[in-house]
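The primary structure of each chain is shown beneath.
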Amino acid sequence: MEPESFPVSNADILDLVKPEDKVAMVGYFGPLIPRILKITRNFTVLEKREIDSPKTRILPSEKAREILPASDVIILSASTLANRTFDELLSLRSTAREVVLLGPSTPLYPAPFF
């Protein structure tokens, strides 16, 4: 894949989510979850760890093959780069309108990443 396929954006992720969207988050970004739930209830978190969050649908990360292809917006933890699951998860995006790489280990400048 080429860097041009992944434009850098200054948009707030919440501006990308619409009420009718199915949103999938790979990795648990706790502070962002309540804000997404204010926009859409069609929200699933895929996480390796067991997390108790009664208001959030949290599934094991192994369910990515079921959840990601049906998602309109996908939020990927930049940790997927380190644990080498990024490419596989990205391949499951199907027709997602937005795919966002998020977190402290997100490359600041994408060109060297490619």
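Each value, and the rule that gives it
- Residues numbered from 1 in each chain as written.
- Predicted model: local features only at pLDDT ≥ 70, side-chain atom pairs only at ≥ 80, totals over all residues.
- Heavy atoms only, no water.
- Helix = DSSP H or I, 4+ residues; strand = E, 2+ residues; numbered from the N terminus.
- Contact = heavy atoms within 4.5 Å.
- Polar contact = N/O pair within 3.5 Å; in protein donor to acceptor, adjacent residues only side chain to side chain.
- Pairing = 2+ DSSP bridges.
- Axes fitted to C-alpha atoms, helices over the stretch in contact; angles between N-to-C directions.
- Salt bridge = Lys/Arg side-chain N within 4 Å of Asp/Glu carboxyl O.
- Buried < 20%, exposed > 50% of the residue type's maximum accessible area, 1.4 Å probe, protein only.

**Here we look at the environment of threonine 44**
For step 1, the next point in the chain: The topology assignment puts threonine 44 in strand β2 (residues 43-47).
For step 2, the next point in the chain: Through-space distance from the C-alpha of threonine 44 to that of valine 26 is 8.6 Å; in sequence the pair is 18 residues apart.
For step 3, the next point in the chain: Beyond its immediate sequence surroundings of up to four residues, threonine 44 is in contact with Val23, Ala24, Met25, Arg57, Leu59 and Ile67.
For step 4, the next point in the chain: A distance of 3.0 Å separates a polar atom in the side chain of threonine 44 from a polar atom in the side chain of arginine 57.

**A word on the sheet that holds strand β5 (residues 98-102)**
For step 1, the next point in the chain: The strand order across the open sheet built from five strands is β3-β2-β1-β4-β5, with neighbouring strands paired in parallel fashion. Since the sheet does not close on itself, it has two edges, and those belong to β3 (57-60) and β5, each with one partner. Averaged over all neighbouring strand pairs, the angle between strand axes comes to 20 degrees, with direction disregarded.
For step 2, the next point in the chain: Summarising the sheet, β2 and β3 pair through four bridges and their orientation is parallel. Of the residues in β3, the one forming a bridge with valine 45 is isoleucine 58.

**Quick word on the pattern of salt bridges**
For step 1, the next point in the chain: Taken as a whole, this structure holds four salt bridges when the rule is applied.
For step 2, the next point in the chain: The partner of arginine 97 in a salt bridge is aspartate 21, and the shortest N-O contact between them spans 2.7 Å. Taken together, the positions of arginine 97 in the loop between α5 (86-91) and β5 and aspartate 21 in the loop between α1 (13-16) and β1 (23-26) put the pair 76 residues apart, joining distant regions of the chain.
For step 3, the next point in the chain: With relative accessibility at 2%, the residue aspartate 21 sits in the buried group.
For step 4, the next point in the chain: A salt bridge links arginine 65 to glutamate 88; the nearest nitrogen and oxygen atoms lie 3.3 Å apart. Pair noted here: arginine 65 is in helix α3 (residues 64-67) and glutamate 88 is in helix α5, with a separation of 23 residues, a long-range link.
For step 5, the next point in the chain: By relative accessible area, which is 41% here, glutamate 88 ends up partly exposed.

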